[in-house]
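# Overview (structure and organization)
What follows is each chain in one-letter form.
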Amino acid sequence: MNDPVADSGRSGRASHRRRPGPGRRTAAVALARALCITAALVAAYFLLPVNGGDTGSWTLLASGLLALVLFFSGAVRVIVRSPWPLLRAVETLTVTLSLYLVLFASSYYLLERSSPGSLSEPLTRTDALYFTLTTFTTVGFGDITARSQTGRVLTMLQMASGLLLVGVAARVLASAVRTGLRRQGREPLQ
């Protein structure tokens, strides 16, 4: 019988065992979980009653961003300990981005309801999500713009935090994946 691990030692390559990657079922479950959480967040955004004055949008955003940071911090610890850190990192990034976008969309929607005219047109929930996505992706079609000082501050906050989210979150998640792989005795791909 040929033992690939023993044979690899004879050919001059390292003779350590490599743990196989996640199976298709594991990957499919992880993807389905991330998509279900995203769908639940979007459904909650469209279905839950949202009321509040001008301070309601700031309160929602501040508490939501705090929840986002707490979720992300906990998820990083889970990634490091996971048997499949890369898969967990993809899940974490998907959920983090979804929550971030829903938070800002809710804030724009509340702002427009409490202070009509803060944006260039009245916003439905779909319009608020659309504005959030175009701002996040830096496409900014220009059909909806912030007019009030509060709207502009909120938009600038989204722009700056979006850049931080993409840059810092990607770096933190990559580091957590590397650490998780090293804990298992596997080297990350370079």
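Residues numbered from 1 in each chain as written. Predicted model: local features only at pLDDT ≥ 70, side-chain atom pairs only at ≥ 80, totals over all residues. Heavy atoms only, no water.

Next up on the list: the layout of surface pockets. Estimated volume of the second largest pocket: approximately 240 Å³. As for the second largest pocket, its lining consists of L65, L68, V69, F72, S73, T96, Y100, S161, L164, L165, V168 and A169. Contributing elements (two or more residues each) for the lining of the second largest pocket: α3 (54-81), α4 (85-114) and α6 (149-183). Looking at side-chain class alone, the lining of the second largest pocket contains nine nonpolar, three polar and no charged residues. (1 Å grid on protein atoms, 1.4 Å probe; cavity = no way out; pocket = protein on both sides within 12 Å on 5 of 7 lines; lining within 4 Å. Points joined across faces, edges and corners; volume = space filled by probe spheres on them. Helix = DSSP H or I, 4+ residues; strand = E, 2+ residues; numbered from the N terminus. Nonpolar A, V, L, I, M, F, W, Y, C, P; charged D, E, K, R; others polar.)

Let's shift gears to the side chain of S106. Locating S106 in the fold gives a position in helix α4. When its relative accessible area of 11% is taken as the criterion, S106 is described as buried. A distance of 2.9 Å separates the side chain of S106 from the backbone oxygen of V102, its partner in a polar contact. Contact partners of S106, with chain neighbours within four places excluded, come to Y45 and L60. (Buried < 20%, exposed > 50% of the residue type's maximum accessible area, 1.4 Å probe, protein only. Polar contact = N/O pair within 3.5 Å; in protein donor to acceptor, adjacent residues only side chain to side chain. Contact = heavy atoms within 4.5 Å.)

When pLDDT is averaged along the protein, the result is 86; 86% of the residues meet or exceed 70. Taken element by element, the predicted model of the protein shows its lowest mean pLDDT in helix α1 (residues 4-10) (43) and its highest in helix α5 (residues 125-136) (96). Note that residues 1-16 has pLDDT below 50 and, in this model, eight contacts with residues that lie over four places away or in other chains. (pLDDT = per-residue confidence, 0-100.)

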